[in-house]
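Descriptive analysis of the structure
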Amino acid sequence: MGGGWGEGMGGGWGEGGGISSAAPSPFPAIADYAFLSNCHTGALIASDGSVDWLCVPAFDSASIFGSLLDRQAGNFRIGPYGVNHPVARRYEPGTHVLETTWRTPTGWLLVRDALTMGPHKGEDTVTPHTRPPADEDADHLLVRTVECLDGRVQVEVVCEPAFDYGRTPAQWHLDDEHCAVGTGAGQTIRLRSDMRLGIEGSRVRGRHVLERGDRAFCVLSWNDDRTAEPADAAAANALLDSTAGFWRGWLANARIPDHRWRDALQRSALTIKGLTYIPTGATVAALTTSLPETPGGERNWDYRYTWMRDATFTMQALHWLNLDWEADEFMQFIADIPTTEDGSLQIMYGIDGRLDLTESTREDLSGYAGARPVRIGNGAFDQRQNDVFGAVLDSILLHSRRSQRLPRRLWPIVESQSQCAAKVWREPDQGIWEARGAPQHYVSSKLMGWVALDRASQLADLRGDRELALAWRDAAQEIRDDIMANGVSPAGVLRQHYGTDALDASTLLAGTFGFLPGGHEVLRNTVLAIADGLTDNGFVLRYRTEETDDGLTGREGSFLICSFWLVSGLAIIRERQRARDLMEKLLRIASPLGLFAEEFDVANGRHLGNFPQAFSHLALIEAAGRIILDERIREVL
């Protein structure tokens, strides 16, 4: 996706892009960040208590805190003065409410953080909705509370936004000594606290000593409704409690099996929901832009958009978890989005459905640990990728199977996308990885063309159109025959594309989508060839960069989605123990808070790429589901 490192306070880039403990870096490790969400936007909080990434009011808005990409691009910290390393961090179980516990020389402090959720209060003028309103929605507040657990602690709050991705420092004025208003680049925010605040240039700062049992709060608002802001620490904690209740109530609707992987499934479900944009039902691929796939390199992409490729994996995960409401919201988003001139869908859209995601670079930003360029927008939006049709039609079939009904507004999409697939499947494209090299006859693209027409045939059956179902089935068979004739190497392994015998992890989808059954020799050969020949210490690469013209330079880490796909592939060919072993290995490298980025650098044990990555968590759910279902079936045999 995007054809997309750092060590916290004690690890900089060494020779060859590795980590050197002798070269400290100011950039925290990607996996050290905590993710907060209100389903409109999200925040990343470093272990020192600093909000280093927040775009308001929406996921793809310009950042107001951008220290993730440049240490001068804005941040917001609350915590003990002069102490930067907490003793513990965790999510309150089943929520997106973060708890951080600090020990200072004189006492103990507890900080709670959340982007709060509350009862629906009428029309949302901050981020207008196209979906029907739910009972609860975002407050458009970042609420932070502190409590002295023991002794006495000097607490400091420092809020220094830099609007428009760090380009415009805030201009502040005080409403009173407890409320500051900041403006810049056409945006206005408010910081309210029961601590007295003062202005120092482009930042607002306050300090206060708390004794045992004392509490304090600060809240950042980008909502015009000042009545939504808490007046004291008790009200602020009540908002946090209400937000925790929202997330636990939502999670109660999910079907999470009583299994040893329950925690990983719950956190993945919460992450997927947290990357959902409630106003339209869209999901973002990741919270961030330009976190590097290659340390210090150019493989940096903006993932704050909705990929049609994610649709089928999103549907699989949501329906498997019994989250039908979210699945329907996403399908309605797909039904709303405009097509291109030839009736096809783009490979990606803005979370509001916009088509134009023109890419630009921000040369004024240093990039994460020096990885440049920093990109805003994604130039792959107008690429030709023939897999998009299969992803959309598979997702519609998955959704329709739940009710055995095909919504009327989705049938035109079935017709247009199946016709597009039938017309273009013979043509080369950029492939699933959005390679910026020459177009090729990628096997995964042909495979997804087969998926498109196979699923269209089944949807026509569901609609009762026998003639159309047979025509699409015949077209699917033609694609299948072409792949088996041209896409299989002499070793009986699915190729990356017709002009090479190189391996590509995307061919693992042949098992996931049922193109080949688990007992088929070519599928078994392909899964085992990738497991043995396209891995780094067991972690799967997308492809070998020296064998693939992707239009870029530099190496990349193993792709976590591909490793989870291999788990699924091994389960499908009945290599059960290998599948379980790899799954356990992958779960062990989750971040301290249970999150996954896009990639994992095996040599240095660090997460790479945008974070948290929806694709990684979706593939985790699918892989875990296959193993758990197999275990449950075997229990009763």
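Residues numbered from 1 in each chain as written. Predicted model: local features only at pLDDT ≥ 70, side-chain atom pairs only at ≥ 80, totals over all residues. Heavy atoms only, no water.

An unreviewed UniProt entry annotates the chain as GH15 family glucan-1,4-alpha-glucosidase originating from Allocatelliglobosispora scoriae.

1. Details of the overall build of the chain
Rules: A run of H or I in DSSP becomes a helix once it reaches four residues, and a run of E becomes a strand once it reaches two; helices and strands are each numbered from the N terminus. When we talk radius of gyration, it's over C-alpha atoms, and the globule rule is simply 2.2 Å times the number of residues to the 0.38. Here the term buried applies to any residue with accessible area under 20% of the maximum for its type, exposed to any over 50%, and partly exposed to those in between, with areas from a 1.4 Å probe on protein chains only. All accessible areas in this document rest on Shrake-Rupley with a 1.4 Å probe, and a residue is counted as covered only by the protein chains that are shown.
Helix and strand counts for the chain stand at 14 helices and 29 strands. In terms of C-alpha radius of gyration, the chain reaches 25 Å, essentially the compact-globule figure of 26 Å for 637 residues. Each of the three principal axes of the chain carries a C-alpha extent, and together these read 75 × 55 × 55 Å. A burial count over the chain gives 63% of its 637 residues as buried. With the model as given, the accessible surface of the chain reaches about 22300 Å², and the carbon-plus-sulfur share is 47%.

2. Some remarks on the packing of helix α8 (residues 443–463) against helix α9 (residues 466–486)
Rules: Here the axes come from fitting lines to C-alpha atoms, over the contacting stretch only for helices, and the angles between their N-to-C directions go from 0 to 180 degrees. Comment on the angle field: the value is read as roughly parallel under 35 degrees, roughly antiparallel over 145, roughly perpendicular from 65 to 115, and oblique elsewhere. Crossing handedness follows the turn of the near helix against the far one: under a right angle anticlockwise gives a left-handed crossing, and clockwise gives a right-handed one. Between two residues, a contact is recorded if the distance between any of their heavy atoms is within 4.5 Å. In this classification, Asp, Glu, Lys and Arg are treated as charged, Ala, Val, Leu, Ile, Met, Phe, Trp, Tyr, Cys and Pro as nonpolar, and every other residue, Gly included, as polar.
Orientation of α8 relative to α9, taken along the N-to-C sense of each, is 160 degrees, at an axis distance of 8 Å. Considered as vectors, α8 and α9 are oriented roughly antiparallel to each other. Seen along the crossing, α8 lies across α9 with a hand that is left-handed. Mapping the contact onto sequence places V443, K446, L447, G449, W450, L453, D454, A456, S457, A460 and D461 in α8 and R466, L468, A469, W472, R473, A475, A476, I479, R480 and I483 in α9. Considering only residue class, the contact of α8 with α9 consists of 13 nonpolar, two polar and six charged.

3. A few points about the packing of aromatic side chains
Let me state the cut-off plainly: Planes of paired rings set the category: under 30 degrees apart is stacked, over 60 is edge-to-face and the rest tilted, where pairs are Phe, Tyr or Trp rings (Trp by its six-membered ring) whose centres lie within 6.5 Å. For a ring to carry a charge above it, either NZ of a lysine or CZ of an arginine must fall within 6 Å of the ring centroid while also lying within 35 degrees of the normal to the ring plane.
A complete count under the given rule lists 17 aromatic pairs for this structure. Here the aromatic rings of W247 and W250 are separated by 6.4 Å at their centres, their planes lie at 80 degrees, and the arrangement is edge-to-face. Taken together, the residues span about one helical turn, with W247 and W250 both in helix α2 (residues 233–252) at a distance of three residues. Since its relative accessible area comes to 0%, W247 is described here as buried. Given a relative accessible area of 8%, W250 falls into the buried group. Aromatic ring contacts, followed pair by pair, group F313, W433, F513, F559, W565 and F615 into a single cluster. If you follow R480 out to its NZ or CZ, it ends over the ring of F515, 5.1 Å from the centre.

4. Some remarks on the pairing of strand β10 (residues 107–119)
Successive side chains on a regular strand alternate, one facing one side of the sheet and the next facing the other. As a reminder, the rule being used: Should DSSP find at least two bridges between two strands, the strands are regarded as paired.
The buried fraction of β10 is high, at eleven of 13 residues. When strand β9 (residues 98–103) meets β10, the two strands line up antiparallel, connected through six bridges. When the sheet's bridge partners are listed, T100 is paired in β10 with V111. Between β9 and β10, which pair antiparallel and follow one another directly, the connecting turn spans three residues. Bridge count for β10 against strand β11 (residues 136–160) is twelve bridges, and the pairing is antiparallel. Bridged to R112 within β11 is T145.

5. With respect to the environment of L447
Here L447 shows up in helix α8. Overall, the relative accessible area of 3% leaves L447 in the buried class. For the pair L447 and R402, spaced 45 residues apart in sequence, the C-alpha separation works out to 25 Å. Other than its neighbours up to four places away in sequence, L447 contacts I483, L509, A510 and F515.

6. Remarks on a nonpolar patch on the surface
As a reminder, the rule being used: Patch rule: a residue counts if its relative accessible area is over 30% and it has no salt bridge; like charges are joined within 9 Å, and nonpolar side chains (Val, Leu, Ile, Met, Phe, Trp, Tyr) within 5 Å. Criterion for a salt bridge: a side-chain nitrogen of Lys or Arg within 4 Å of a carboxyl oxygen of Asp or Glu.
Among the surface-exposed residues, L629, I633, V636 and L637 lie close enough to one another that they form a single nonpolar patch of about 460 Å² accessible area. Turning to its location among the elements, L629 is positioned in helix α14 (residues 614–636).

7. A short note on the environment of S268
Turning to its location among the elements, S268 is positioned in helix α3 (residues 262–274). The spacing of S268 and R588 is 320 residues in sequence and 14 Å in space, taken between C-alpha atoms. Leaving out residues up to four positions away in the same chain, S268 has contacts with H617, L620 and I621.

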